[in-house]
Amino acid sequence: QKEVEQNSGPLSVPEGAIASLNCTYSDRGSQSFFWYRQYSGKSPELIMFIYSNGDKEDGRFTAQLNKASQYVSLLIRDSQPSDSATYLCAVNRAGGGNKLTFGTGTQLKVEL
Amino acid sequence: GAVVSQHPSRVICKSGTSVKIECRSLDFQATTMFWYRQFPKQSLMLMATSNEGSKATYEQGVEKDKFLINHASLTLSTLTVTSAHPEDSSFYICSARGTGTNEQYFGPGTRLTVT
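Residues numbered from 1 in each chain as written. Chains lettered and ligands numbered in written order. Predicted model: local features only at pLDDT ≥ 70, side-chain atom pairs only at ≥ 80, totals over all residues. Heavy atoms only, no water.

**A look at the overall build of chain A**
The helix and strand tally for chain A stands at 0 helices and 11 strands. What you see in chain A, going N to C, is helices and strands ordered as β-β-β-β-β-β-β-β-β-β-β. Taking 2.2 N^0.38 as the reference for a compact globule, 112 residues should give roughly 13 Å; the C-alpha atoms of chain A span a radius of gyration of 13 Å, in line with that estimate. Dimensions of chain A, computed from the C-alpha atoms along their principal axes, are close to 45 × 30 × 20 Å. A total of 112 residues make up chain A; the buried ones form 43% of that total. Partitioning the contacts of chain A with sequence separation of at least 6, the portion at a separation of at least 24 is 54%. Carbon and sulfur atoms form 45% of the exposed surface of chain A, whose accessible area is close to 5300 Å². The positive charge centre, built from 11 side chains, and the negative charge centre, built from 11, are 7 Å apart in chain A. (Helix = DSSP H or I, 4+ residues; strand = E, 2+ residues; numbered from the N terminus. Rg over C-alpha atoms; globule rule 2.2 N^0.38 Å. Buried < 20%, exposed > 50% of the residue type's maximum accessible area, 1.4 Å probe, protein only. Contact = heavy atoms within 4.5 Å. Areas by Shrake-Rupley, 256 points an atom, 1.4 Å probe, with all protein chains shown as cover. Lys, Arg positive; Asp, Glu negative; His and termini not counted. Charge placed at Lys NZ, Arg CZ, Asp CG, Glu CD.)

See the structure below:
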């Protein structure tokens, strides 16, 4: 079982729809959770982080964390073509120091 | 805030030469910096973790004598790829974490091509 799992996609959504990106992790002691956006040929950009169970909203983005289910998700409302990118889920595992473990990413395509 | 720069953005070198890549945190002090490598269509692979003033910690399988890391100040870390070979061609990305935070902010990356 991979430490951080994501569906590679591509996930296609129409412009204006809600995109839902999911991530599961194996280490129950994980403490910090991050979503990065990576455009092709570019480096990752931090868009959300969440440390507590529940929802955290920032503009069009909402991160959801359920530690009991070992599940973290990212919702993007009113999806725009500029949101088309690969979204990486990253987890700071317990006992992992400050290192992040990344999923392989989900490719999102927002279609006109 | 939380801006990280890398230099150079792109470098082409001949096999056998060494290349130095700089990573700077521009508006915060980076207690810890990380170096990653990413091959096409693959995810990020952590190479090493460096804390200011101490030796870097390398991930399993990463040759510390080939990838020299120096973190001499709270705003600068360098990665030197020694005796580079074509298989070292990759996208090298640094990230930085500030004091008392968990978030890592990435630099724009350096694309290395070894001919």
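There's plenty left to go through after this.
**Thoughts on the state of the cysteines**
All chains considered together, the criterion is met by 2 disulfides over all chains. The disulfide bridge from A:Cys23 ends at A:Cys89, spanning 2.1 Å between sulfur atoms. The disulfide joining A:Cys23 to A:Cys89 has a torsion of about -70 degrees about its S-S bond and is therefore left-handed. With A:Cys23 in strand S3 (residues 19-25) and A:Cys89 in strand S9 (residues 85-92), the pair connects residues that are 66 residues apart, well separated along the chain. Taking relative accessible area as the criterion, A:Cys23 reaches 0% and is therefore assigned buried. Two residues share a disulfide in this structure: B:Cys23 and B:Cys94, whose sulfurs sit 2.0 Å from each other. With the S-S dihedral at roughly 80 degrees, the linkage between B:Cys23 and B:Cys94 falls on the right-handed side. (Disulfide = S-S within 2.5 Å.)

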